[in-house]
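One letter stands for each residue in the lines below.
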Amino acid sequence: MAQKDIFPVTGPAAAGQILPFYLAGENGDGALIRGRLASVGGPASSILARHGYPEMVASLQAEALAIAACLSTFMKFDGVFTLQAKGNGFVKTLLADVTSDGALRGYAAFDDENVPSLGDDMVAAMPASVPALLGTGYAAFTVDQGTENGRYQGIVELAGETLGDAAMAWFANSEQVDSHIVAAAGRHGDDWVATALMVQRVAADGGNQTTASRAEQDDAWTTADMLLRSVTREELVDPQLAPEDLVFRLFNALRPHVAPSQPVQDKCRCSPEKVEAVLSRMSPEELAGLVAESGKVEVTCEFCKTMRAVDPGISRH
Ligand SMILES: [Zn+2]
């Protein structure tokens, strides 16, 4: 316990990783429920440090990063998974994307003239309130594998209270498998802990290789869902609680098994070549309008805030 006082913000939950696990059920064998615990506090902290968002926007962004990381590992793809929400509220755009090898990034666009005065209780609410921050709008979930047929997208209305609700509405449409996700983000000094935890029923015909009866499988799902809903905000944002420990604490009755975790890191995909490619598609008039006093076109990546000054001549070969 002494360690808790000495290292308040660099605990195991502050790293960037996704822990896959499965639940065998009370009596059965095989995997009746699959789960993922995404802990992206480390990458979220460095991403948010570059942006200086108001606390409530930072919290929503951290949650989006955790949810994107968590959802991405339920799908088989080789490319980029994107969660994007557009709203008519204070936050206009919220974006988080993650590659299949764990490179995470995100940004939010908001009305900085009209920062709402939400009480601390609202900011600390678990999870961030979608109606209060984004208002009404939609959320889009996109898998892009960089090939002609490798892109698919699902869009849902922002009807629920949370980003997790929007993710579940999309999952219910596209996968039609019982699933549930919870997410929360919390700040400890300059560091964030951001966690998303999801369980999904393994379909009886989906190769779950179990001897459990249908009734036992139903019971296992009902119990897993109930246990997930019992998780507290304190548990999800506790920097000292290791992901494995949270899984075993919550789902002990369903005999959890964990797999090796997959790393997630703060890594943008922008490059000088991509900036030049965008500029080379612009007309000379458009380009002229972008030239700064320095005589160069200054382009700042909205994800990682890297500024690149490009000579407008070089994009015209
Ligand atoms: Zn970038």
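The structure this text deals with has already been given above.
All figures in this text were calculated on a predicted structure; none of them were measured in a lab. (Residues numbered from 1 in each chain as written. Predicted model: local features only at pLDDT ≥ 70, side-chain atom pairs only at ≥ 80, totals over all residues. Heavy atoms only, no water.)

Chemist: Tell me about the pattern of salt bridges, residues and numbers included.
Modeler: Scanning the entire structure with this criterion turns up 10 salt bridges. For Asp-97, the salt bridge is made with Arg-105, and the minimal N-O distance between the two is 3.2 Å. Arg-105 shares its class with Asp-97; the two are buried. Overlapping salt bridges, with partners in common, bring together Asp-178, Arg-201, Arg-214 and Asp-218 in one network. (Salt bridge = Lys/Arg side-chain N within 4 Å of Asp/Glu carboxyl O. Buried < 20%, exposed > 50% of the residue type's maximum accessible area, 1.4 Å probe, protein only.)

Chemist: Can you explain the coordination of the zinc ion? Please cite residues and give values.
Modeler: Surrounding the zinc ion are the protein donor atoms Cys-268 (SG), Cys-270 (SG), Cys-301 (SG) and Cys-304 (SG), which sit 2.2 to 2.3 Å from the metal. In this structure, the zinc ion is coordinated by 4 donor atoms arranged in tetrahedral fashion, with angles at the metal of 102 to 115°. A residue is classified by how much of its surface remains accessible, and Cys-270, at 23% relative accessible area, is partly exposed. (Donors = N, O, S within 2.8 Å, 3.2 Å for Na, K, Ca; no water. Tetrahedral: all angles 85-135°; square planar, octahedral: opposite > 155°, others 65-115°.)

Chemist: Please give an account of the packing of helix 2 (residues 41-49) against helix 3 (residues 55-72) that cites residues and values.
Modeler: Close contact between helix 2 and helix 3 brings their axes to 10 Å; oriented N to C, the two are set at 140°. Comparing the axis directions of helix 2 and helix 3 gives the class oblique. Both helix 2 and helix 3 take part in a crossing whose hand is right-handed. Here Ala-44, Ile-47 and Leu-48 of helix 2 lie close against helix 3, whose contacting residues are Ala-58, Gln-61, Ala-62 and Leu-65. Considering only residue class, the contact of helix 2 with helix 3 consists of 6 nonpolar, 1 polar and no charged. (Axes fitted to C-alpha atoms, helices over the stretch in contact; angles between N-to-C directions. Helix = DSSP H or I, 4+ residues; strand = E, 2+ residues; numbered from the N terminus. Parallel < 35°, antiparallel > 145°, perpendicular 65-115°, else oblique. Left-handed = near helix turned anticlockwise from the far one by under 90°. Contact = heavy atoms within 4.5 Å. Nonpolar A, V, L, I, M, F, W, Y, C, P; charged D, E, K, R; others polar.)

Chemist: Before we move on, could you go through the packing of helix 3 against helix 6 (residues 163-174) and cite the residues and values that matter?
Modeler: It is the contact of helix 3 with helix 6, at a shortest axis distance of 10 Å, that shows an interaxial angle of 30°. Taken together, the axes of helix 3 and helix 6 lie roughly parallel to each other. In the packing of helix 3 onto helix 6, the handedness of the crossing is right-handed. Residues Leu-60, Glu-63, Ala-64, Ile-67 and Leu-71 of helix 3 form the contact with helix 6, whose participating residues are Leu-163, Gly-164, Ala-167, Trp-170 and Phe-171.

Chemist: Help me get a handle on the sheet that holds strand 6 (residues 137-144), residues and values and all.
Modeler: The strand order across the open sheet formed by 6 strands is 7-6-3-4-5-12, and the pairing between neighbours is mixed. Each of the sheet's edge strands pairs with one partner strand only, and the pair in question is strand 7 (151-157) and strand 12 (265-266). As paired elements, strand 6 and strand 7 share 7 bridges and run antiparallel to each other. Residue pairing for strand 7: Ala-140 is matched across the bridge by Ile-155. On the sheet, helix 6 packs against strand 3 (80-87), strand 4 (91-99), strand 6 and strand 7 and is oriented at approximately 120° with respect to strand 7. (Pairing = 2+ DSSP bridges.)

Chemist: Summarise the environment of Ala-292; cite the residues concerned and give the values.
Modeler: By the secondary structure assignment, Ala-292 is in the loop between helix 11 (284-288) and strand 13 (297-300). Judged by its relative accessible area of 25%, Ala-292 falls in the partly exposed class. For Ala-292 and Ala-309, which are 17 residues apart along the polypeptide, the C-alpha to C-alpha distance reads 9.1 Å.

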